[in-house]
Amino acid sequence: MQRVGLGIGLATLALAPVGAGATGHSALAMLAFAGVFFLANAVIRPGAVRLDDLGATALQLVTASAFAALLVGFGQTLRALVQIEAQVALGGWVILAAWGAVLARLVWRRSMGDSATQNAETALRVIHETGPKLRGKKKERPAHLKPVPDSAPAKDDPAPKTVTPFRPDPALAGALQRLNELPENGATDAELARALATVSGSAPLGSVFAALSTRAPNTERDRRALVLHTTDPWVAERRNGKHEPASAFEVVVAAADAVALNDFATRSFALLDELPETRIDMPAVARLLEIADQIEGDLETESELLVALAHKIEDLALEAEHDHDG
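Residues numbered from 1 in each chain as written. Predicted model: local features only at pLDDT ≥ 70, side-chain atom pairs only at ≥ 80, totals over all residues. Heavy atoms only, no water.

Enquirer: Which parts of the structure should I look at to understand helix H10 (residues 220-230)?
Expert: Side chains that are three or four residues apart share a direction in an α-helix, a result of its 3.6 residues per turn. Judged by how many residues are buried, H10 sits mostly within the fold: 11 of 11 residues are covered. Within H10, burial applies to Glu-220, Arg-221, Asp-222, Arg-223, Arg-224, Ala-225, Leu-226, Val-227, Leu-228, His-229 and Thr-230. (Buried < 20%, exposed > 50% of the residue type's maximum accessible area, 1.4 Å probe, protein only. Helix = DSSP H or I, 4+ residues; strand = E, 2+ residues; numbered from the N terminus.)

Right under this line is the structure:
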């Protein structure tokens, strides 16, 4: 639904100058729409328009003007070909374009600095309310989200080396028993958090991550434990730069675990609110959008959460770039 709303908003924004040209307005109408396009870019993508960089601002204005002129010209051509006689005031088309920009902004979950996106964040929390409900029933594996098969050795490759099984720190092995006591499916966040508190305090965090990663392919419980561990602010701050949340995401995707995927998206979103610097540990934006696209038909809620997370990471990267340049 988010993509549909965004598409409607952007389509309205683009069709308004076409309508202006088709209802008899001259090429000068493009000036009004160039202004709307420029402002829409600033509103929809905060940080993209930087008035302190006159060269970049001038380029954006030229681009907006060229796009507006193209669309108005297309509308004029359409009027001539179809013999459209209708007349509509230019102000109406400008207002329509502005409303398209507003709709796109409301749907596009960007940085959390204004009331429009506050509403979007509230909507995200409402979506998250469905998370616990998912744990009450087992979902079918989406057709497009399939486990990643192990790579087979090429024919010319030498015989595979013997892999030594991972053996956790003895103290950690004892703590992991707390996780084993929980059900393999349907454990609550509180139960997992209590078990993880024991695990995280029993060995170095690197060893904890290795142990949880080794267990994660086995059960939903262990995948969610890995997600909760890597997205915990206390852990993430101390492991910043290790890319452990991104690794946890790939484990969840490989297992096609919808419940753990929901956990990952919502907890990562909250983590980035608290510790923006952990964006460097998250999956690449392109990867999040790729998986969101794959599961959109089967898991619409999780797909929208991944899109929201991708936008959040993109926002933080823009803000970091702007702060660096400033």
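Enquirer: Would you mind going over the packing of aromatic side chains with me for this structure?
Expert: Any two aromatic rings considered together are summarised by their centre-to-centre distance and by the angle between their planes. Here the structure, examined in full by the defined rule, presents two aromatic pairs. A ring pair is formed by Phe-37 and Phe-67, whose centres lie 5.3 Å apart and whose planes are at 40 degrees; its orientation type is tilted. Taken together, the positions of Phe-37 in helix H2 (residues 29-44) and Phe-67 in helix H3 (residues 54-82) put the pair 30 residues apart, joining distant regions of the chain. For Phe-37, a relative accessible area of 9% corresponds to the buried category. On the basis of relative accessible area, Phe-67 is assigned to the partly exposed category, the value being 39%. The interplanar angle of 40 degrees and the centroid separation of 5.2 Å between the aromatic rings of Phe-249 and Phe-264 together place this pair among those described as tilted. Taken together, the residues span a long stretch of sequence, with Phe-249 in helix H12 (residues 244-255) and Phe-264 in helix H13 (residues 258-274) at a distance of 15 residues. Considered together, Phe-249 and Phe-264 belong to a single accessibility category, that of buried residues. (Phe/Tyr/Trp six-rings, centres within 6.5 Å; stacked < 30°, edge-to-face > 60°.)

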